[in-house]
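These are the residues of each chain, in order.
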Amino acid sequence: MLRRELPVNADAGHVIRLSEGRIAPSENGDFLQPVCHWTSAMQPLCYWNDEPVALSVEASAGDDWPDGRSWLSRLPESRFGLLSTALEVGAWLRNHHFCGRCGAQASRLDAEFAMHCHACGHRNYPRISPCIITLVTHGESILLGRSPRFPVGRYSTLAGFIEPGEAAEEAVRREVFEEVGIAVGHVRYFKSQAWPFPHSLMLGFFAEAASRRIRIDGVEISDAAWFSPRSLPQLPPLYSISRALIETHLAEVKTGH
């Protein structure tokens, strides 16, 4: 469905219209606009079902433009990669008009996602920030926490950015201890997910807690608790890797594997 190749020789195709994380709906309610001729300001993006797609980053959004999370909640999983690519490339284009080394204006290259500075030769590529996201378990029970930014009643898995020079497994142990004061034993990799808010790569893990005593940091986490599979709070949305971690654990408890 999604082919990660820049359609650099195309001058027409579908367009995704984006402004500050909000995406314009098309006439049929999708976010792919009908085939049209591209302008030089548009960024060639990829191929979708073998048809070229470009990104149009616009100055302002319409009142009826849903944000990225709203789109993801209504779309099938097969569209996640396309939408994530558009959101992450759009954020990069918006934030990197100038060289981060010398401050001169940078120019977009056609053959790859890159901004080139002709003054000093520096090239800037889309930023990807690796993060860990972890479901801490103790037998059947799962540890979920609340960020102050969450909707009322929602709990989720623990997450955090990987620090320079740090392995992902080290980040799991550090973040869990920092946020809820729990040391973990066995750490098991699950899978990854691009998370375009604005440019994270989430590396999912399961981690076994060495104890059940919780000591929240009170900053990133406002509350945390152990939950039984038979009594769960409001969970993260279905399209998130956080929810996938939880559902996988619940399925393993149910089948005994």
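Computed from a predicted structure; not experimentally measured.

Asker: Can you explain helix H2 (residues 80-95)? Please cite residues and give values.
Answerer: For H2, with 16 residues, the first-to-last C-alpha span of 23 Å sits near the 22 Å given by 1.5 Å per residue. Within H2, 13 of the 16 residues are buried, which leaves it mostly tucked inside the rest of the structure.

Asker: Which residues make up the sheet that holds strand S7 (residues 107-108), and what values do they have?
Answerer: Pairing within the open sheet is antiparallel, and its three strands lie in the order S7-S8-S9. Only two strands of the sheet have a single neighbouring strand rather than two, namely S7 and strand S9 (123-124).

Asker: Now, about helix H3 (residues 168-180): what can you tell me, with residues and values included?
Answerer: Residues separated by three or four positions in an α-helix point in the same direction, a consequence of the helix having 3.6 residues per turn. Helix length check: H3 (13 residues) gives 18 Å between terminal C-alpha atoms against 18 Å at 1.5 Å per residue, within 8%. Of the positions making up H3, those classed as buried are Ala168, Ala171, Val172, Arg174, Glu175, Val176, Glu179 and Val180. Buried residues along H3 sit against strand S10 (129-138), strand S11 (141-146), strand S12 (158-161), strand S13 (184-195), strand S14 (200-209) and strand S15 (223-227). Gly181, located one to two residues past H3, shows a positive phi value of around 70°.

Asker: Kindly report on the pairing of S12, identifying the contributing residues and their values.
Answerer: Burial along S12 is one-sided: Leu158 and Gly160 are buried, and none of Ala159 and Phe161, which face the opposite way, are. Relative to S12, S10 runs antiparallel, the two being bridged by four bridges. The residue bridging Cys131 from the neighbouring strand is Phe161, located in S12.

Asker: Pulling in residues and values, what's your account of the nonpolar core?
Answerer: Counting 41 residues, the largest nonpolar core has Ile16, Ile23, Phe31, Leu45, Leu55, Leu83 and Leu144 as its most contacted members. The dominant element in this core, judged by the number of residues it contributes, is H2, at eight residues. Ignoring any residue separated from it by four or fewer positions in sequence, one finds Leu83 in contact with Ile23, Phe31, Gly68, Trp71, Leu72 and Leu75. Listed in part, the 20 residues of the second largest apolar core include Leu143, Leu203, Phe205 and Ala209.

Asker: Got a sec to walk through the side chain of Thr137? Specific residues and values, please.
Answerer: Following the sequence through the fold, Thr137 ends up in strand S10. Residues in contact with Thr137, not counting those within four places in the same chain, are Ile142, Ala207, Glu208, Ala209, Trp226 and His249.

Asker: Before we move on, can you summarise the pattern of salt bridges with the specific residues and values?
Answerer: Opposite charge on two side chains lets them pair, provided their charged atoms get close. In the structure shown here, the tally under the stated rule is twelve salt bridges. For Arg3, the salt bridge identified is with Asp50, shortest N-O distance 3.4 Å. One end of the pair, Arg3, is in strand S1 (residues 2-3); the other, Asp50, is in the loop between strand S5 (43-48) and strand S6 (51-57), with 47 residues separating them in the sequence. A relative accessible area of 33% places Arg3 in the partly exposed class. For Arg174, the salt bridge identified is with Glu166, shortest N-O distance 2.7 Å. As far as the burial class goes, Arg174 and Glu166 line up, both buried. Taken together, the salt bridges that share partners define one network made up of Glu163, Glu166, Arg174, Glu175 and Glu178.

Definitions and limits used
- Residues numbered from 1 in each chain as written.
- Predicted model: local features only at pLDDT ≥ 70, side-chain atom pairs only at ≥ 80, totals over all residues.
- Heavy atoms only, no water.
- Helix = DSSP H or I, 4+ residues; strand = E, 2+ residues; numbered from the N terminus.
- Expected span 1.5 Å × (residues − 1).
- Buried < 20%, exposed > 50% of the residue type's maximum accessible area, 1.4 Å probe, protein only.
- Pairing = 2+ DSSP bridges.
- Contact = heavy atoms within 4.5 Å.
- Core = buried A, V, L, I, M, F, W, Y, C linked by side-chain atoms within 4.5 Å.
- Salt bridge = Lys/Arg side-chain N within 4 Å of Asp/Glu carboxyl O.

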